[in-house]
Amino acid sequence: MPYSCEGNIPELEGERVVLRRLAARDAQAMFECWSDPEVRRFADLPRMPDAAAAAELIGLLNRLALTDDSLRWGIQAPDGSIIGSCGLNWWQLEGAYRGEIGCELSRPFWGEGYMREAIGLVIDYAMEEMGLNRLEALTDPRNDRAGRLFRALGFTLEGRLRQYRHTEQGFVDADMHAMLRRDWEDFRTGPGSRGNRGEQTR
């Protein structure tokens, strides 16, 4: 039977980051992330004029969990601040057992390994708790950083979808990265795997 969260967004704990439900108090931090031109450059985000707009988006994301259309976490740094978000979309396609990963990280925290750890938590939860068989991540071909991240996490670049998205700059291509359950099982036990990091679901 397909997984259903029914609005519950569980807290996931890693070595340095905690993934938790976004709240209204996180609006300013997420506004700073979502409105940054460099973060937005390759992301499919709505216009973000102020923190109130970020609060509205946070509310929308939480409501989407009620209908199993999205499962979105805030990424909490060791000092307790929210530095980005990540999550899953579209896992309820009947018979598919797959989900699409989305993520954004505030620019001051790029290159520190926070997003890799956060996505690792999402992957493990998707496979272990949600019972998914396939995870997908669509990235802009110009976004080398994102492509490297997903390949480092064990995803395979399956191909390029031409003019897949329409953005403010017009139609853009998307690279399809995917991980199957068998890939995840091999990756977590193989050389250089994430291994057992003592992560907890609370």
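Caption draft 1: Up close: the overall build of the protein chain. Along its length, the protein chain carries six helices and nine strands. For 202 residues, the compact-globule formula gives about 17 Å, and the C-alpha radius of gyration of the protein chain, at 16 Å, lands near that figure. Viewed in the frame of its principal axes, the protein chain has a C-alpha envelope of about 45 × 40 × 35 Å. Every one of the 202 residues in the protein chain was classed for burial, and the buried ones make up 49%.

Caption draft 2: A look at the environment of E136. Structurally, E136 is set in strand β6 (residues 134-139). Using a relative accessible area of 8% as the deciding quantity, one classes E136 as buried. Considering only alpha carbons, one finds E136 and L12, 124 residues apart in sequence, at a separation of 20 Å. Each residue touching E136, except ones within four places of it in the same chain, is listed here: R98, G99, E100, I101, F155, M176, H177 and A178. Among the polar contacts made by the side chain of E136, one reaches the side chain of R134 at a distance of 2.7 Å.

Caption draft 3: Region of interest: the side chain of T139. Along the polypeptide, T139 turns up in strand β6. In terms of polar contacts, T139 uses its side chain to reach the side chain of H177, at 2.9 Å. Excluding its chain neighbours within four sequence positions, the residues that come into contact with T139 are A146, F150, D173, A174, D175 and H177.

Caption draft 4: Summary view of the pattern of salt bridges. Inspection of the entire model under this criterion finds 11 salt bridges. We note a salt bridge from R16 to E117, for which the minimum N-O separation is 3.8 Å. In this pair, R16 sits in the loop between β1 (12-13) and β2 (18-20) while E117 sits in helix α4 (residues 114-128), placing the two residues 101 residues apart along the sequence. Residue class for R16 comes out partly exposed when judged on its relative accessible area of 33%. Between R98 and E136 there is a salt bridge whose closest N-O contact spans 3.1 Å. Pair noted here: R98 is in strand β5 (residues 98-105) and E136 is in strand β6, with a separation of 38 residues, a long-range link. One salt-bridge network, in which partners are shared between bridges, spans R98, R134, E136 and E158.

Caption draft 5: View of the packing of aromatic side chains. Applying the stated rule across the entire model yields four aromatic pairs. On the basis of an interplanar angle of 90 degrees and a centroid distance of 6.2 Å, the ring pair of Y3 and Y125 is categorised as edge-to-face. Pair noted here: Y3 is in the segment before β1 and Y125 is in helix α4, with a separation of 122 residues, a long-range link. Across the pair, Y125 and Y3 agree in class, each one buried.

Caption draft 6: Molecular detail of the nonpolar core. Grouped together as the largest cluster of nonpolar side chains are 37 residues, with contacts concentrated most on L19, L71, I75, I123, M130, L135 and F155. Only β3 (70-76), β4 (82-89), β5, α4, β6 and α5 (144-152) provide two or more residues apiece to this core. With 10 residues, α4 is the largest single contributor of residues to this core. Contact partners of L71, with chain neighbours within four places excluded, come to Y3, C5, N8, I9, C86, G87, L88, W91, Y125 and M130. If you look at the next biggest cluster of nonpolar residues, it comprises 15 residues, including V39, L45, A53 and L61.

Caption draft 7: Seen up close, the pairing of β3. Buried residues dominate β3, accounting for seven of its seven residues. A two-sided burial pattern is seen for β3, the buried positions comprising S70, R72, G74 and Q76 on one face and L71, W73 and I75 on the other. One ladder, built from three bridges, connects β2 with β3; its direction is antiparallel. Within β3, the residue paired with V18 across the bridge is Q76. Direction of pairing for β3 relative to β4: antiparallel, over a ladder of seven bridges. In the strand pairing of β4, I75 is matched with G84. A loop of five residues connects β3 with β4, the two strands running antiparallel in sequence, and G80 in this loop sits at a positive phi of about 90 degrees.

What counts, and where the lines are drawn
Residues numbered from 1 in each chain as written. Predicted model: local features only at pLDDT ≥ 70, side-chain atom pairs only at ≥ 80, totals over all residues. Heavy atoms only, no water. Helix = DSSP H or I, 4+ residues; strand = E, 2+ residues; numbered from the N terminus. Rg over C-alpha atoms; globule rule 2.2 N^0.38 Å. Buried < 20%, exposed > 50% of the residue type's maximum accessible area, 1.4 Å probe, protein only. Contact = heavy atoms within 4.5 Å. Polar contact = N/O pair within 3.5 Å; in protein donor to acceptor, adjacent residues only side chain to side chain. Salt bridge = Lys/Arg side-chain N within 4 Å of Asp/Glu carboxyl O. Phe/Tyr/Trp six-rings, centres within 6.5 Å; stacked < 30°, edge-to-face > 60°. Core = buried A, V, L, I, M, F, W, Y, C linked by side-chain atoms within 4.5 Å. Pairing = 2+ DSSP bridges.

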